[in-house]
Amino acid sequence: MSAVHPEIFDQRRVAPSILSSDFSRLGAQVAEVMDAGARLIHVDVMDGHFVPPITIGPLIAGAIADQVHDAGGALDVHLMIERPGDQIEEFARAGADGITIHVEADPHAHRTLGAIRELGVRAGVALNPGTPPGAVAAVGEVADHILAMTVNPGWGGQAFIADSPAKVTALAELLPGLAIEVDGGVDAGTVGSVADAGATLYVAGSAVFGTDDPAAAYTAIAEAAGAE
């Protein structure tokens, strides 16, 4: 088990989230955005405990992993679940190139992030809007990127939280050198503010797959972010 294209996380990229896709056409929709230039595909995993909804698991990640890798892309798995350490091996085996856990969900986040790295996978640490940036300071040495939630996690289609750029700036100052990812309410109108603040990875779900033309929506967000 090892990441296939880990270098993609160090590029400026929009990451379409399959949470908002039409699962009856999942492969086709992934192909559509990858044909438009997407190289980072985001997988939102929710367990009904850490956040109320239940979404998808390793089987879905594994179902698209080869398609994403064969197209030169990477699979970005975001675990919004309790006890994430119990699941990281399954997602690594399914083909994840990056696995992000929430600092609020794991009292042993330092250990879990280290275990993700030992699996040969990029390790990310996420924090909710109400969690101060300092909460991730102690695990920065074992993380490869930070994910700042720009909505409260749980559902797609929420409005972007207006003070999110200030939090991105604080994280960039606190942990220089780590890539910063943002997730929630990201579209062509909001992505510029977090890009200017220092974020380089931008998760977009309903703003891409909730439109009639996901490829065009992806392109518009990427252009607004100055992404590859």
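Residues numbered from 1 in each chain as written. Predicted model: local features only at pLDDT ≥ 70, side-chain atom pairs only at ≥ 80, totals over all residues. Heavy atoms only, no water.

K.L.:
I keep staring at the layout of surface pockets and nothing clicks. Help me out?
P.N.:
The gaps left among the atoms become clear once a water-sized probe is rolled over them. Reported here for the largest pocket is a volume of approximately 260 Å³. In this structure, the largest pocket is lined by 24 residues; those nearest its centre are Gly156, Gly157, Asp183, Gly184 and Gly185. Breaking the lining of the largest pocket down by element, the ones donating at least two residues are β2 (40-46), β8 (201-204) and α7 (206-209). When the residues that make up the lining of the largest pocket are grouped by side-chain class, the tally is 11 nonpolar, 10 polar and three charged. Taken as a whole, the second largest pocket encloses approximately 150 Å³ of empty space. Here the residues of the lining of the second largest pocket are counted per class, giving five nonpolar, three polar and four charged. (1 Å grid on protein atoms, 1.4 Å probe; cavity = no way out; pocket = protein on both sides within 12 Å on 5 of 7 lines; lining within 4 Å. Points joined across faces, edges and corners; volume = space filled by probe spheres on them. Helix = DSSP H or I, 4+ residues; strand = E, 2+ residues; numbered from the N terminus. Nonpolar A, V, L, I, M, F, W, Y, C, P; charged D, E, K, R; others polar.)

K.L.:
What is the right way to look at the sheet that holds strand β1 (residues 13-16) in this model?
P.N.:
Backbone hydrogen bonds are what pair the strands of a sheet, in a parallel or an antiparallel way. Strand order in the open sheet made by the eight strands is β1-β8-β7-β6-β5-β4-β3-β2, with parallel pairing throughout. Two strands lie at the open edges of the sheet, namely β1 and β2, each paired on one side alone. Within this sheet the neighbouring strands show an average axis-to-axis angle of 25°, counted without direction. In this structure, strand β5 (residues 122-127) lies alongside strand β6 (residues 145-149), joined through four bridges in parallel fashion. Among the inter-strand pairings, Ala126 is bridged to a residue of β6, identified as Leu147. Of the strands in this sheet, β2 and β3 (74-80) are in contact with helix α2 (residues 58-70), which crosses β3 at around 150°. In the packing of helix α4 (residues 109-118) onto the sheet, the strands contacted are β4 (98-102) and β5, and the crossing angle to β5 comes to about 150°. (Pairing = 2+ DSSP bridges. Axes fitted to C-alpha atoms, helices over the stretch in contact; angles between N-to-C directions. Contact = heavy atoms within 4.5 Å.)

K.L.:
Help me out: how do you make sense of the pattern of salt bridges in this one?
P.N.:
Where charged atoms of side chains with opposite charge meet at close range, the side chains can pair. As enumerated under the stated definition, the model contains seven salt bridges in all. Between Asp22 and Arg25 there is a salt bridge whose closest N-O contact spans 3.3 Å. Residue Arg25 is classed as partly exposed on the basis of its relative accessible area, which comes to 41%. Among the salt bridges present, the one from Glu89 reaches Arg93, with a minimum N-O distance of 3.0 Å. One end of the pair is Glu89 and the other is Arg93, both in helix α3 (residues 88-94) and four residues apart, which spans about a single turn. A residue is classified by how much of its surface remains accessible, and Arg93, at 47% relative accessible area, is partly exposed. (Salt bridge = Lys/Arg side-chain N within 4 Å of Asp/Glu carboxyl O. Buried < 20%, exposed > 50% of the residue type's maximum accessible area, 1.4 Å probe, protein only.)

K.L.:
Explain the side chain of Thr112 here, please?
P.N.:
In this structure, Thr112 sits in helix α4. Setting aside anything within four residues of it in sequence, one finds Thr112 in contact with Gly85, Ile88, Ile101 and Asp106.

K.L.:
Help me out: how do you make sense of the packing of helix α1 (residues 26-35) against helix α8 (residues 214-225) in this one?
P.N.:
Think of two packed helices as two axes; the pair is described by the angle between the axes and how far apart they sit. At a closest axis distance of 8 Å, the pairing of α1 and α8 adopts a crossing angle of 40°. Classified by the angle between their axes, α1 and α8 sit oblique to one another. Relative to α8, the crossing made by α1 is right-handed. In this structure, α1 uses Gln29, Glu32 and Val33 to contact α8, whose residues at the interface are Pro214, Ala215 and Tyr218. (Parallel < 35°, antiparallel > 145°, perpendicular 65-115°, else oblique. Left-handed = near helix turned anticlockwise from the far one by under 90°.)

K.L.:
Could you clarify how one ought to interpret α2 in this entry?
P.N.:
Given 3.6 residues per helical turn, the α-helix brings residues three or four places apart onto the same face. Spanning 13 residues, α2 covers 19 Å between terminal C-alpha atoms, matching the ideal 18 Å at 1.5 Å per step. In the structure, α2 departs most strongly from a straight axis at Ile64, where the bend amounts to approximately 35°. Among the residues of α2, Ala61, Ile64, Ala65, Val68 and His69 are the ones counted as buried. Those residues of α2 hidden inside the fold are in contact with α1, β2, β3 and α3. (Expected span 1.5 Å × (residues − 1). Bend = angle between axes of the 7 residues up to and from the residue.)

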